[in-house]
Every structure is written in C-alpha cells, then in structure tokens.
Amino acid sequence: MDHVPLTPVGSFLAGFRAAATSVFSLVLIGTYVGVGALGHNYGFSLAWVLLSTLLVWAGPAQVILISTLGAGAPPLEAAVAVGLSGMRLLPMVVTLLALIKRADTRARDLLLPAHLTAVSMWVESLRLLPTVPREERIAFANGLGCGFLLAAHGGAVLGYYLAASFPPLLTAGLLFLTPMAFLASTARNSRLLAERLALAFGLLLAPLLAYAGIGLDLMWTGVLGGSAAYAVHRLREARR
Amino acid sequence: MSMLGDLAPYLVLLAAGFLPNEMWRMLGVVVAHGLDERSELVLWVRSVATALLAGVVAKILFFPPAGLAEVPLAVRLVAIAIGFAAFLTLRRSVLAGVVVGEAGLMLGALWFPG
C-alpha cells in the first residue's frame, strides 16, 4: 500500500487520534478519577494533582505518592517507594525507543517520548507503531502519549470534583476505585509465577509491616515480597 | 502562609515524585543497547514492582483516607475479595471486578454503617 508521508504535525495528530479511539483512554479516565478522588481526600490541591499527573505520569507512582505523603509519611519514604515502582519503566522505555529511533535521531528528541512512556502508552505503541513508517514514529508516539495524558487529566479533574461533592457513600465508592482497579489490573498483568506470587506476598506483607511499625514498609514490601517471589521462580526453574 | 509553605508541597512533588520516577526513564534514554525483556533482571524488577503495588493496595484498604475510613474494615476486605473473585471468574475482566467490588462495598456500607 502506498503511504503518503505525513508532516510531523500530521503524525502527531494521527497518534492523538489513535489515543482518542483507544480503549486505554477510558481505562485512564477511570484510573485517574480514582487518583483525583484520592488526591482530594488526602488533602492535596487540584493543581498539585494535575501537576503530579503531568510530571510523574504513572498511576501507581502517583497513588504511592498521594497515599504515603497524605498519611503523613516523610518525603524520603515516599521517594524510595516511588523510585522502586519506577524501575519497571526502564525496560519499557528501552523497548519503546528501540522501536522509534533511527541512526540519526538526536537524544533530545527521545526525551519527550521517554517521559510519556507509561503502561497504557507503551502497550498501544507496541501494537500500533509497527504499522507507522519509522520516520513518523516519534511524532506519532508523542501524539499518542499526549492524547492519553489529556484523558488522564480529564479523569483527575472529574474525580477531584466528584469526591468534593458526592454524598459519603458514593465518595467511599470513588475512593475504593483505586485499590479495586489496581488489584485487578495488576493481577491481569501478572502472567508469570514470580509476578503472581509477588502480588500475594505484597498484599500480605504490607499490612503486617505497617502494623509492626517498621519504617519504609512499602520499600521492604517490594524488595522482600518481590525477591522472595523471584527466588521461588528460580528454585522451580532449577528443579526442572 | 509563607512563600516556602505554599511551595513546599510542590517541592516535595519534584523531589519525592518526579525525580525518583523520571530517573528510570532518562536512564532508559542513556542505555543504548537493548535490554532483553525476558531477562532475569527484568523479571526481578517486575516482581518487586508488583509486590510494591499490591502493598499499596493493601495499605489503602487497611489505612484508608477519610471518606473510605468510615466504611468498616471487614466490609472493605469482603468487598475487595468478592470483586477479585468476580475478576477471576468473569474472564479476568477488570471492569467486572470493579463493578462487583464497588457494589459489594456500597451495599456493605449500607448494611453495616461504621
């Protein structure tokens, strides 16, 4: 099929349109309704919630940040937990950039697509980019990421105002969105034994460590729970 | 409020949210060679992130923000359990899990007010 080359703006808009028609936009709106509601009830301003969406751009990291800081934990504790959760972005960025860069691509042109990389954008990029000519991919990926970012902002504003105006029962439901949706979507993304065990270990460890009053409980939950799950996987592999 | 007092939440956002998260993305720009997605290191990273995320879910349930805290702990735990059971049985649909879990939470909160 002949492809009429697009200008960078045209490629950006094509990516933006792809975001508008992607099911992930709805998922993001739902996720960020939860984030916005959490932000409101943990006492953050709407501007802060929106800026965190723009700068952090990772639902899990934002929920960690809002729930730890909002509960009065020291910023260092929040930073360590956010840093650990952010590690998973590294392999995602590497595979995405391998798909969009050319021999003559400047590193600074990769900063925006790297920043826009989050689970939703990454999954859709890997699905859609192979059909896009390589010279149009960076602009396309940026358009896709910006479209998703816009959807997330809309969700956050909606959740923030709903939490402020809903009666108590519906507010409780709104705040329950994040744990329920995160649990189900994390389980859905966990295909390997190590990941499924990590999910179970994390659910059990976090409340135990928190009730025991252990500092940096989220960090230990991630490191101990994740490493133990990984160790079980290694032991099983070794026995084969 | 002092200038610093107004700015403090934003400085914390930069230091505790933006920087520790963004450093991994920037590292991804610097790492020139491909990182094998099936490598053992990546699996460990994903396991740690998964356990951490599960931990965040559990902590929000056990130590909820105002608004969710008014619902008794037992109702919160039963609701997440039936939501998760619905997710598992209904073709691993996240939407089904959320709908059933939410219905469980709100009905439970009506029947057992805190």
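Note that the structure is predicted; figures quoted are calculated from it, not measured. (Residues numbered from 1 in each chain as written. Chains lettered and ligands numbered in written order. Predicted model: local features only at pLDDT ≥ 70, side-chain atom pairs only at ≥ 80, totals over all residues.)

Draft legend 1. Quick look at helix α6 (residues 89–100) of chain A. For α6 of chain A, with twelve residues, the first-to-last C-alpha span of 16 Å sits near the 16 Å given by 1.5 Å per residue. The element α6 of chain A is extensively covered by neighbouring structure, given that nine of its twelve residues are classed as buried. (Helix = DSSP H or I, 4+ residues; strand = E, 2+ residues; numbered from the N terminus. Expected span 1.5 Å × (residues − 1). Buried ≥ 20, exposed ≤ 12 C-beta atoms within 10 Å, placed from the backbone.)

Draft legend 2. Quick peek at the confidence of the model for chain B. Residues and elements named next belong to chain B. Residues of chain B with pLDDT of at least 70 account for 92%, and the chain-wide mean is 92. Within chain B, the lowest mean pLDDT, 92, falls on helix α1 (residues 3–30), and the highest, 98, falls on helix α3 (residues 73–89). At the level of chain-chain contacts, confidence expressed as ipTM amounts to 0.92, with global pTM at 0.90. (pLDDT = per-residue confidence, 0-100.)

Draft legend 3. Here's a closer look at the environment of V80 of chain A. Residues and elements named next belong to chain A. Tracing the sequence through the fold places V80 in helix α5 (residues 75–86). On the basis of neighbour count, V80 is assigned to the buried category, with 21 C-beta atoms found within 10 Å. Sequence spacing of V80 and L50 is 30 residues, and the spatial spacing of their C-alpha atoms is 22 Å. Setting aside its immediate chain neighbours within four residues, V80 contacts L216 and M219. (Contact = placed C-beta atoms within 7 Å.)

Draft legend 4. Geometry of the interface of chain B and chain A. On the chain A side, the residues contacting the 65 residues of chain B number 85 residues. Taken together, the elements giving at least two residues each to the side of chain B that touches chain A come down to α1, α2 (40–62), α3 and α4 (94–111) of chain B. The element contributing the most residues to the side of chain B that touches chain A is α2 of chain B, with 21 residues. In terms of residue class, the side of chain B that touches chain A is made up of 46 nonpolar, eleven polar and eight charged. (Nonpolar A, V, L, I, M, F, W, Y, C, P; charged D, E, K, R; others polar.)

Draft legend 5. Region of interest: the environment of P64 of chain B. Topologically, P64 of chain B is positioned in the loop between α2 and α3. Sequence separation between P64 of chain B and R76 of chain B is twelve residues; the distance between their C-alpha atoms is 9.6 Å.

Draft legend 6. Spatial organisation of the nonpolar core. Core analysis: the biggest nonpolar cluster contains 111 residues, and I64, L65, A81 and F148 of chain A together with L52 and V57 of chain B have the highest contact counts within it. Each of domain 1 (8–189) and domain 2 (192–240) of chain A gives at least three residues to this core. (Core = buried A, V, L, I, M, F, W, Y, C linked by C-beta atoms within 7 Å. Domains from an automatic or database assignment.)

Draft legend 7. Layout of the packing of helix α8 (residues 119–128) of chain A against helix α9 (residues 137–165) of chain A. All names here are of chain A. It is the contact of α8 with α9, at a shortest axis distance of 10 Å, that shows an interaxial angle of 140 degrees. Judged by the angle between their axes, α8 and α9 are oblique. For the pair α8 and α9, the crossing hand works out as right-handed. Contact residues: α8 offers S120, M121, E124 and S125, while α9 offers A141, L144, G145 and F148. (Axes fitted to C-alpha atoms, helices over the stretch in contact; angles between N-to-C directions. Parallel < 35°, antiparallel > 145°, perpendicular 65-115°, else oblique. Left-handed = near helix turned anticlockwise from the far one by under 90°.)

Draft legend 8. Highlighting helix α12 (residues 217–239) of chain A. Helix length check: α12 of chain A (23 residues) gives 32 Å between terminal C-alpha atoms against 33 Å at 1.5 Å per residue, within 8%. Looking at α12 of chain A, one finds that the buried residues are D217, L218, M219, T221, G222, G225, G226, A229, Y230 and H233 of chain A. Looking at the packing, one finds that the buried side of α12 of chain A touches α4 (59–70), α5 and α11 (193–211) of chain A together with α2 of chain B.

Draft legend 9. Molecular detail of the domain arrangement of chain A. Residues and elements named next belong to chain A. Along its sequence, chain A is organised into domain 1 (8–189) and domain 2 (192–240). Summarising the inter-unit geometry, the C-alpha centres of domain 1 and domain 2 are found 25 Å apart. Contacts between domain 1 and domain 2 engage eight residues on the former and five residues on the latter. Listing elements by their share of the side of domain 1 that touches domain 2, those giving two or more residues are α4, α5 and α10 (168–189). Per element, the largest residue contribution to the side of domain 1 that touches domain 2 is four residues, and it comes from α5. In terms of residue class, the side of domain 1 that touches domain 2 is built from five nonpolar, two polar and one charged.

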